[in-house]
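Breakdown of the fold
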Amino acid sequence: MSPHAGRSLRPIRTAAEPFSRRRFLSRMGVGLSAVAGSTLWSGCMPSSVGNEDAGVAVSKPIDGKLNVSWWSHNNPSFVAANTEMIKRFEAENPDLHIVYQYFPYDVLARKLQAAYRAENVADIQQMFGTWVTEYAENSLLDEVPATLAGGDPMQKFWPASLGAYTLEGKLYGVPHEYNLENGGILYNPKLARAAGIQEPPSTWDELVEAGQRLTKHDSKGRATQIGYAFTGNDSITFTFLSMILQLGGDYWDSDGTHVNFHSPQAQKAWTDETELVTRYKVDNTTWYSGDPYTMFFRGQAAMAHQGPWVVASGQADFPDFKDISYIAEPPYAGDTLKFAAESGWGEVVNVKADKEVRDAAWKFIDFMARPDNARIWNLKSATVPALKELQDDEQLLKDAPYLKVPFGVLPHGQWVGNVKDRDEFWTFLHDAFISVELGQQDPIAAITEAEKQINLMIDEKIGP
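Attention in this report is confined to the structure presented alongside it.

Cut-offs applied
Residues numbered from 1 in each chain as written. Predicted model: local features only at pLDDT ≥ 70, side-chain atom pairs only at ≥ 80, totals over all residues. Heavy atoms only, no water. Helix = DSSP H or I, 4+ residues; strand = E, 2+ residues; numbered from the N terminus. Buried < 20%, exposed > 50% of the residue type's maximum accessible area, 1.4 Å probe, protein only. Contact = heavy atoms within 4.5 Å. Areas by Shrake-Rupley, 256 points an atom, 1.4 Å probe, with all protein chains shown as cover. Polar contact = N/O pair within 3.5 Å; in protein donor to acceptor, adjacent residues only side chain to side chain. Axes fitted to C-alpha atoms, helices over the stretch in contact; angles between N-to-C directions. Parallel < 35°, antiparallel > 145°, perpendicular 65-115°, else oblique. Left-handed = near helix turned anticlockwise from the far one by under 90°. Nonpolar A, V, L, I, M, F, W, Y, C, P; charged D, E, K, R; others polar. Pairing = 2+ DSSP bridges. Salt bridge = Lys/Arg side-chain N within 4 Å of Asp/Glu carboxyl O.

The next point concerns the overall build of the protein chain. Across its full length, the protein chain holds 18 helices and 16 strands. The proportion of buried residues among the 464 residues of the protein chain is 58%. Across the protein chain, every contact between residues at least 6 apart in sequence was considered, and the portion connecting residues at least 24 apart equals 77%. Total accessible area computed for the protein chain in this model is approximately 18900 Å², and 49% of it derives from carbon and sulfur atoms.

Examined against the element boundaries, Ser161 turns out to sit in helix 6 (residues 159-162). The exposure class assigned to Ser161 is buried, which follows from its relative accessible area of 0%. For Ser161, the side chain forms a polar contact with the main-chain oxygen of Glu177, separated by 3.3 Å. The residues touching Ser161, leaving out its near neighbours within four places in the chain, are Pro175, Glu177, Tyr178, Ser343 and Ala386.

This part covers the packing of helix 9 (residues 233-246) against helix 10 (residues 264-278). Contact geometry of helix 9 with helix 10 gives a least axis separation of 8 Å together with a crossing angle of 135 degrees. Classified by the angle between their axes, helix 9 and helix 10 sit oblique to one another. Handedness of the crossing formed by helix 9 with helix 10: right-handed. Along its contact with helix 9, which presents Ser235, Ile236, Thr239, Phe240, Met243 and Ile244, the element helix 10 presents Gln265, Ala266, Ala269, Trp270, Asp272 and Glu273. Considered class by class, the residues forming the contact of helix 9 with helix 10 number seven nonpolar, three polar and two charged.

Mapped onto the elements of the fold, Asp218 is located in the loop between strand 10 (216-217) and strand 11 (223-225). A polar atom in the side chain of Asp218 sits 2.9 Å from the backbone nitrogen of Lys220.

Right, let's get into the sheet that holds strand 13 (residues 325-328). The three strands are arranged 12-9-13 in an open sheet whose pairing can be described as antiparallel. Only two strands of the sheet have a single neighbouring strand rather than two, namely strand 12 (303-305) and strand 13. Strand-to-strand twist in this sheet, taken as the mean axis angle between neighbours without regard to direction, amounts to 30 degrees. As paired strands, strand 9 (residues 184-187) and strand 12 are joined by three bridges and run antiparallel to one another. Considered in strand 12, the bridge of Ile185 is made with His305.

Let us look at the sheet that holds strand 7 (residues 174-175). Taken in spatial order, the six strands of this open sheet run 1-3-2-4-15-7, and their pairing is mixed. Looking along the sheet, the strands with just one partner apiece sit at the ends: strand 1 (56-57) and strand 7. Where strand 2 (residues 66-73) lies against strand 4 (residues 124-128), two bridges are found, and the strand directions are parallel. Counted as the bridge partner of Trp71 is Gln125 from strand 4. Packing of helix 2 (residues 76-92) onto the sheet brings it into contact with strand 2, strand 3 (96-103), strand 4 and strand 15 (345-349), and relative to strand 3 it is tilted by some 170 degrees. Packed onto the sheet, helix 13 (residues 355-368) meets strand 2, strand 3, strand 4, strand 7 and strand 15 and runs at close to 55 degrees relative to strand 2.

With that out of the way, let us pick up the pattern of salt bridges. Per the counting criterion, the structure on display carries 15 salt bridges. Residues Arg422 and Glu342 are paired through a salt bridge, measuring 2.8 Å at the closest nitrogen-oxygen approach. Here Arg422, found in helix 17 (residues 422-437), pairs with Glu342, found in strand 14 (residues 339-343); they are 80 residues apart in sequence, far enough to count as distant. Lys355 serves as the salt-bridge partner of Asp359, at 2.8 Å between the closest nitrogen and oxygen. Placement of the pair is Asp359 and Lys355 together in helix 13, with a separation of four residues, close to one helical turn. Several salt bridges share partner residues, and in doing so they unite Glu92, Arg370 and Asp372 into one network.

Purely spatial values, then, with no claim about function.
Written as structure tokens, this is what we have:
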């Protein structure tokens, strides 16, 4: 019996705050909110963001060396990985020095915009892939050398990781990670066995059935255990897009710019996804105020849909929780888990930096892209490698065995596409899902409205 049996999960009046890996990374800051999603040159951004604007200076320029500045966000695991790379690079290149500074997540997003306007940005910046496209469109980033990573970099990294770094066939940055939210499910084998489930679900029907059997309520009808927690902001969107792709459809319209959610595949996918709460009742956004993955690590959810990053995060935050497996997400249709993914964190170079500085910057980025160094960076940052060569890497699997699950699906992912305003795109789908869950709209009306709002947003970003 679950230690939480008989105790109702804390109810709330509205949906829980959408959770994503990006919000996890900002747990020491305020969160990116609309900053990263806003159009780069719209309105006026402040040139200062208070005392945090200076960030934390890990190192200072050294006389007699070629100094190359680098900015990143302040997530501790990323900072540890970054500083390890600097240490190794400078040992191999004593004439070069990386001047490293990191900032709270939301501060970095604002600072990048202000600094590019003022032309006082760092030589290298660690950017989230979704941001990169717009900076490249505004001719602010240096093109990646064709010889980086020991050959054609377009062939070295997974396409989903490269998507946002690519503009008109040219590459404007190098990804560190494959930032996927599909492929795996947190699974509590103890709770499953207590419900008579001996093996993890391997098909969509088995997943739905297990979710139903693992959902529990008290005598007043209040949920005491969630069967399949999937109603986080990222999971709603990425599950929907993945389902469309598995049905052989596409969520982009024929122009490649606007979305198309009125195809038979999109409408079936949306109906089936919303039925997980309206018909099968395996989860509900009004049952709890915590994040889906934290509900799992508290023992209040038997399964939870989330990207592989939550395994390391959950184990760090809940070290005493042991009832965990990370299982393969069953395909919804067909036998291949096709999915969409954002391009994750990586490095870009300021195109206006001096030529010798840009050359040194790319030398450092090339150094980090070497398999032996990329392996260290991915392990320290608890991320999935963007480098194809590290798929099924023995050392990675030894130190992070949960990576076996995402390694199995990496070839089936595609870049999510140019969503323009990431936060608005995801929010419109999240709000549409809530409207169906609360009975305010039927599934087709809700997804039609989401399509309309997303396309209006895209048109606004494109401009006249």
